[in-house]
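Here's the letter readout for the chains.
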Amino acid sequence: MKHISSSSSLGPGGLDLTQTFFKPINHAASPSSTKRNTKISVIGVGNVGMAIAQTILTQDLTDELALVDVNPEKLRGEMLDLQHAAAFLPRTKINASVDPAITAGSDLVIVTAGARQIADESRLNLLQRNVGLYSKIIPPLVNYSPDMILLIVSNPVDVLTYVAWKLSGLPPNRVIGSGTNLDSSRFRFLIADHLDVNAQDVQAYIVGEHGDSSVALWSSISVGGVPVLSFLEKQQIAYEKETLENIHKQVIESAYEVISLKGYTSWAIGYSAASLARAILRNQRSIHPVSVLAKGFYGIEGGDLFLSLPAQLGRGGVVAVTNVHLTDEEESRLRKSAETILQVQSQLGL
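Remember, it's a predicted structure, so these values are computed and weren't measured experimentally. (Residues numbered from 1 in each chain as written. Predicted model: local features only at pLDDT ≥ 70, side-chain atom pairs only at ≥ 80, totals over all residues. Heavy atoms only, no water.)

Asker: Requested: an account of the pairing of strand β5 (residues 149-152), with residues and values cited.
Answerer: Residues Ile-149 and Leu-151 point to one face of β5 and Leu-150 and Ile-152 to the other, with burial holding for every one of them. Examined bridge by bridge, strand β4 (residues 108-111) and β5 share four bridges and lie parallel to one another. Across the sheet, Val-109 pairs through a bridge with Leu-150, a residue of β5. Here β5 pairs with strand β6 (residues 175-177) via three bridges, running parallel. In the strand pairing of β6, Leu-151 is matched with Ile-176. Note that the unit made of β5, helix α6 (residues 157-168) and β6 has a crossover that is right-handed. (Buried < 20%, exposed > 50% of the residue type's maximum accessible area, 1.4 Å probe, protein only. Helix = DSSP H or I, 4+ residues; strand = E, 2+ residues; numbered from the N terminus. Pairing = 2+ DSSP bridges. Right-handed = clockwise from strand over helix to strand, strands pointing away.)

Below, the structure written as structure tokens:
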């Protein structure tokens, strides 16, 4: 298939403008000219895909960006719109095509394609509408970029990350779901807002399913390095568990609220996915709560499944799963979250 592209070095009458403006120097290639470029592909140019693409571009995370979608008109329009911002952005080659061959040689492939979640619809209800789509999307992507890291963003993200892993044949460390990375950001914002501090000074994780059975790790929350719950207990400051549960409830409901108000979520997931891309491609080995193959961790057994755990990310994908201390109640809730996902997966026949 023909790629969608607008770039050309030819001016009127076939004049090669590159040769007119620049005189080649036939010296040995400099180290900078032989440096391997970084390539990210985004599959799906809906609201989420374009928010991710835009954030990746503004944060200078890649040398080349490839966009893929089934709608050629919208795809070309989005590509041109981004290309026209070239004077305001770090230099990045932007291409688009309905043909997944354009993703060849990608370091990171981010999949956002899928049915849009509607108001009051649980993420798990989206599953059957997306599994068939993934069976067509994933194998060609792996064929064109066998060494890539695969980042799944489509919902329900935990089950679809499992589906992508099974369809791809990739090792589990190179298949990651965006998981509760965004939930944890919402969690940190609400705690920071409650305490009137900067959210970047709050260390807090939501783990488990990216959905209604997620687990707030209250026991490990710290602000400015100070463990919150133990500090309150030592200072004999009373707090109600109901207050904590209400904050977690707000985290779960916040996505539904945004969807009911504007029809979709986009900007926050764009920043979330860009933070994961940076951690992976720049080998930062930073810790993010993302959906990983969880069997064997924190007492989770019963079958292969993906759910969010605090994981260290680097150039090879998932470097390690962090051994965060959980209370007995938190570990029990995490196992129940795993059971919820396994129950859904059992209907897939994969």
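So much for the structure itself; the text now carries on.
Asker: Please give an account of the pattern of salt bridges that cites residues and values.
Answerer: Any two side chains of opposite charge can pair if their charged atoms end up close together. What the rule picks out here adds up to six salt bridges. Between Lys-39 and Glu-64 there is a salt bridge whose closest N-O contact spans 3.7 Å. On the criterion of sequence distance, the pair formed by Lys-39 in strand β1 (residues 39-43) and Glu-64 in strand β2 (residues 64-68) is long-range, its members being 25 residues apart. Summarising the burial analysis for this pair, Lys-39 and Glu-64 share the class buried. Residues Arg-333 and Glu-329 are paired through a salt bridge, measuring 3.1 Å at the closest nitrogen-oxygen approach. Of the two residues, Arg-333 and Glu-329 both sit in helix α11 (residues 328-345), four residues apart, roughly one turn of that helix. Assessed through its relative accessible area of 38%, Glu-329 is described here as partly exposed. (Salt bridge = Lys/Arg side-chain N within 4 Å of Asp/Glu carboxyl O.)

Asker: Which residues make up the nonpolar core, and what values do they have?
Answerer: Judged by nonpolar contacts, the single largest core of 82 residues is most densely connected at Ile-40, Leu-67, Leu-108, Val-111, Leu-150, Leu-307 and Leu-313. Ranked by residue count, the leading element in this core is helix α10 (residues 267-281), at eight residues. If you count residues domain by domain, this core takes at least three from each of domain 1 (36-177) and domain 2 (180-346). The residues touching Leu-67, leaving out its near neighbours within four places in the chain, are Val-42, Val-45, Met-50, Ala-53, Leu-75, Met-79, Leu-82, Asn-95, Ala-96, Ser-97 and Ile-102. Counting 16 residues, the second-largest nonpolar core is a separate cluster that includes Ile-191, Ile-206, Trp-218 and Ile-221. (Core = buried A, V, L, I, M, F, W, Y, C linked by side-chain atoms within 4.5 Å. Domains from an automatic or database assignment. Contact = heavy atoms within 4.5 Å.)

Asker: Summarise the environment of Val-321; cite the residues concerned and give the values.
Answerer: With respect to the secondary-structure elements, Val-321 resides in strand β14 (residues 317-321). Not counting residues up to four positions away in its chain, the partners in contact with Val-321 are Val-292, Phe-297, Tyr-298, Leu-309, Pro-310 and Ala-311.

Asker: Could you give an account of the side chain of Ser-266, with specific residues and numbers?
Answerer: Counting through the fold element by element, Ser-266 comes out in the loop between α9 (241-262) and α10. Polar contacts involving the side chain of Ser-266 include one to the side chain of Lys-262, which spans 3.2 Å. Beyond its immediate chain neighbours, meaning those up to four positions away, Ser-266 contacts Asn-47 and Ala-51. (Polar contact = N/O pair within 3.5 Å; in protein donor to acceptor, adjacent residues only side chain to side chain.)

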